[in-house]
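Structural overview
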Amino acid sequence: MSAASAAADAALLRVVGLGKRYRLPRESLLKPPAVLQALDDVSFELHAGRSLGIVGESGSGKSTLARLVMALETPSAGQVWLDGQDLHALDAASLRRMRTQIQMVFQDPYGSLDPRRTVQQTVSEPLALLQGAGKDEQRRRTAEVLEAVGLQPGDGAKYPHEFSGGQRQRIAIARALVTRPRLIVADEPVSALDVSVQAQVLNLMQDLQDAHGLTYLFISHDLSVIDLVCDDVVVLQSGRIVEQGPADQVFRDPQHAYTRRLIDAVPGRRHTPSGKASRLVAE
């Protein structure tokens, strides 16, 4: 294989043997503190331009995984490789530069936005902190991403409370896009929204992926959402991977009893012929 072919085949994100342990508070002065194994030997790959869904019940380790991929916490074992670099082996300056390539969209669109700051200030903040962009560049790029997510450039002068929940999540997505990252980690990005608004936001994320070649690590407890928007899926139970593969294959022919139980628990689940839907329809 040529070097060019190898580069093309290389995964954008590689998670290798990832583990995370937390030391719990002591129950007694005479007993050692208990240890919680939140993640244990988690490995997967995500290629550029694709969407990988991480699913599991509450407490399965999904959010811990998101924090480790974002390098917001340090793993107890394993590595997170982004574009060929081990994030947790980088020095502070190198990690700061890499953060322009990986951004996060959080669950609560209102809680993730500072109510005292305008949309312009919030969206442009990563440009100032991570790329040292000047004021003119910040204004130009903010207007650009606001238009990309279906808002108006003039909305930059407004505050978060002036927008609906779906619009606030669009602002959060704009903030994630402003550094032009290669990978976006979306941690339950639509779970706080009404069903009709969920469809709008998910359609937006798919449109942005098609337009800009974005790569998504999509974390959700909602298997219907993952089934509709993700190419591949990883199923977590108690911090370990119990099943992974193409979403169409996993959801149509689950091999693990835990996966089957998660699927059976989804009320009124609809199937699509190919696994990943081209669009979602608000009902």
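This one's a predicted model, so the numbers in the text were calculated from it and none came from an experiment.

1. Regarding the packing of helix 6 (residues 165-177) against helix 7 (residues 195-212)
- Look at helix 6 against helix 7: their axes get within 10 Å of each other, and the N-to-C directions meet at 20°. When the interaxial angle is binned, helix 6 and helix 7 end up roughly parallel. Regarding helix 6 and helix 7, the two cross each other, and that crossing is right-handed. Where helix 6 approaches helix 7, its residues Gly166, Gln169, Arg170, Ile173 and Leu177 are matched on the opposing element by Val197, Gln200, Val201, Leu204, Met205 and Leu208.
- Here the contact of helix 6 with helix 7 is composed, by residue class, of seven nonpolar, three polar and one charged.

2. Observations concerning empty space enclosed by the protein
- With the rule as written, the count across this model stands at one cavity of 30 Å³ or more.
- Space inside the largest cavity adds up to approximately 40 Å³.
- Elements that contribute at least two residues to the lining of the largest cavity include exactly helix 7 and strand 8 (215-219).
- It is helix 7 that contributes the most residues to the lining of the largest cavity, four residues altogether.
- Taken together, the residues that form the lining of the largest cavity break down as five nonpolar, three polar and no charged.

3. Examining the layout of surface pockets
- By volume, the second largest pocket amounts to about 320 Å³.
- If you go around the second largest pocket, you meet 16 residues; those closest to its centre are Gln103, Met104, Phe106, Pro126 and Arg175.
- Elements with a minimum of two residues in the lining of the second largest pocket: strand 6 (102-105), helix 4 (119-131) and helix 6.
- If one sorts the elements of the lining of the second largest pocket by residue count, strand 6 sits on top with four residues.

4. A few points about the nonpolar core
- Grouped together as the largest cluster of nonpolar side chains are 46 residues, with contacts concentrated most on Val123, Val149, Ile173, Leu177, Leu208 and Phe218.
- In this structure, Val149 is in contact with Arg170, Ile173, Ala174, Leu177, Leu204 and Leu208, ignoring residues within four places of it in sequence.
- Core analysis: the second largest hydrophobic core is formed by 29 residues, Leu39, Ile54, Leu68 and Leu183 among them.

5. Side note on the sheet that holds strand 9 (residues 232-237)
- If you walk across this open sheet you meet the six strands as 6-7-8-3-9-10, and the pairing is mixed. What marks the edges here is a single partner per strand, and that holds for strand 6 and strand 10 (240-246). When strand polarity is set aside, the average angle formed by the axes of neighbouring strands in this sheet is 15°.
- Sheet analysis places strand 6 next to strand 7 (residues 183-187), joined by four bridges and oriented parallel. Bridge pairing in strand 7 links Met104 to Val185.
- Along the sheet, helix 2 (residues 62-69) contacts strand 3 (51-55), strand 6, strand 7, strand 8 and strand 9; its crossing angle with strand 7, the most-contacted strand, is approximately 155°.
- Running over the sheet, helix 7 touches strand 3, strand 7 and strand 8 and is turned about 155° from strand 8.

6. Focus: the pattern of salt bridges
- Scanning all chains against the criterion turns up 15 salt bridges.
- Linking Glu137 and Arg141 is a salt bridge whose minimum nitrogen-to-oxygen distance equals 3.0 Å. Taken together, the residues span about one helical turn, with Glu137 and Arg141 both in helix 5 (residues 135-148) at a distance of four residues.
- Residues Arg252 and Asp227 are paired through a salt bridge, measuring 2.8 Å at the closest nitrogen-oxygen approach.

7. Examining the confidence of the model for the protein
- Summary statistics for the protein give a mean pLDDT of 87 and a share of 90% for residues scoring 70 or more.
- Below a pLDDT of 50 lies the segment residues 1-8, which in the model reaches two contacts outside its immediate sequence neighbourhood of four places, other chains included.
- Note on residues 270-275: pLDDT is under 50 here. Beyond four places in sequence and across chains, it has twelve contacts.

8. Some remarks on helix 6
- Here helix 6 is 13 residues long and its end C-alpha atoms lie 19 Å apart, about the 18 Å a rise of 1.5 Å per residue gives.
- Within helix 6, ten of the 13 residues are buried, which leaves the element mostly enclosed by the surrounding structure.
- Taken residue by residue, helix 6 has Gly166, Arg168, Gln169, Arg170, Ile171, Ala172, Ile173, Ala174, Ala176 and Leu177 as its buried positions.

9. So, the sheet that holds strand 4 (residues 77-82)
- Pairing is antiparallel across the open sheet formed by four strands, whose spatial order is 2-1-4-5. Here the strands that pair on one side only, and so sit at the sheet edges, are strand 2 (35-46) and strand 5 (85-86).
- Pairing geometry for strand 4 and strand 5, over two bridges, is antiparallel. When the sheet's bridge partners are listed, Trp81 is paired in strand 5 with Asp86.
- The strands that helix 2 touches are strand 1 (13-23), strand 2 and strand 4; relative to strand 1, the one it contacts most, it runs at about 115°.

Rules behind the numbers
- Each chain carries its own residue numbering, running from 1 in the direction its sequence is written.
- Where local features are concerned, this predicted model is filtered to residues with pLDDT of at least 70; where side-chain atom pairs are given and counted, the filter is 80 or more; whole-chain, interface and lining totals use all residues.
- Excluded from the side-chain calculation are hydrogens and water; included are all heavy atoms of the structure.
- A fitted line through C-alpha atoms serves as each axis, taken over the contacting stretch for helices, and the angle formed by two N-to-C directions is quoted from 0 to 180°.
- Strands here mean DSSP runs of E at least two residues long; helices mean DSSP runs of H or I at least four residues long; both are numbered from the N terminus.
- When describing relative orientation, an angle under 35 degrees is termed roughly parallel and one over 145 degrees roughly antiparallel, while 65 to 115 degrees is termed roughly perpendicular and anything else oblique.
- In this scheme the handedness of a crossing depends on how the near helix is turned from the far one: anticlockwise by less than a right angle means left-handed, clockwise means right-handed.
- The contact criterion used is simple: two residues touch if any of their non-hydrogen atoms lie within 4.5 Å.
- All amino acids are sorted into three groups, where Ala, Val, Leu, Ile, Met, Phe, Trp, Tyr, Cys and Pro are nonpolar, Asp, Glu, Lys and Arg are charged, and the leftover types, Gly among them, are polar.
- Buriedness of a pocket was judged along seven lines, with at least five required to meet protein on both sides within 12 Å; pockets are open sets of points on a 1 Å grid over the protein atoms alone, cavities are sets where a 1.4 Å probe fits but cannot get out, and lining residues have an atom within 4 Å of a point.
- Grid points are joined across faces, edges and corners, and a volume is the space filled by probe spheres set on the points.
- The nonpolar core is taken to be a set of buried Ala, Val, Leu, Ile, Met, Phe, Trp, Tyr and Cys residues, with the residues joined through side-chain atoms within 4.5 Å.
- Only protein chains enter the accessibility calculation, which uses a 1.4 Å probe; a residue is then buried when its area is under 20% of its type maximum, exposed when over 50%, and partly exposed in between.
- Pairing between strands requires that DSSP locate at least two bridges from one strand to the other.
- Take a side-chain nitrogen of Lys or Arg and a carboxyl oxygen of Asp or Glu: if they are within 4 Å of each other, that pair is a salt bridge.
- Predictor confidence is given residue by residue as pLDDT, running from a minimum of 0 to a maximum of 100.
- Expected span of a helix, by definition, is 1.5 Å for each gap between consecutive residues, and there is one gap fewer than residues.

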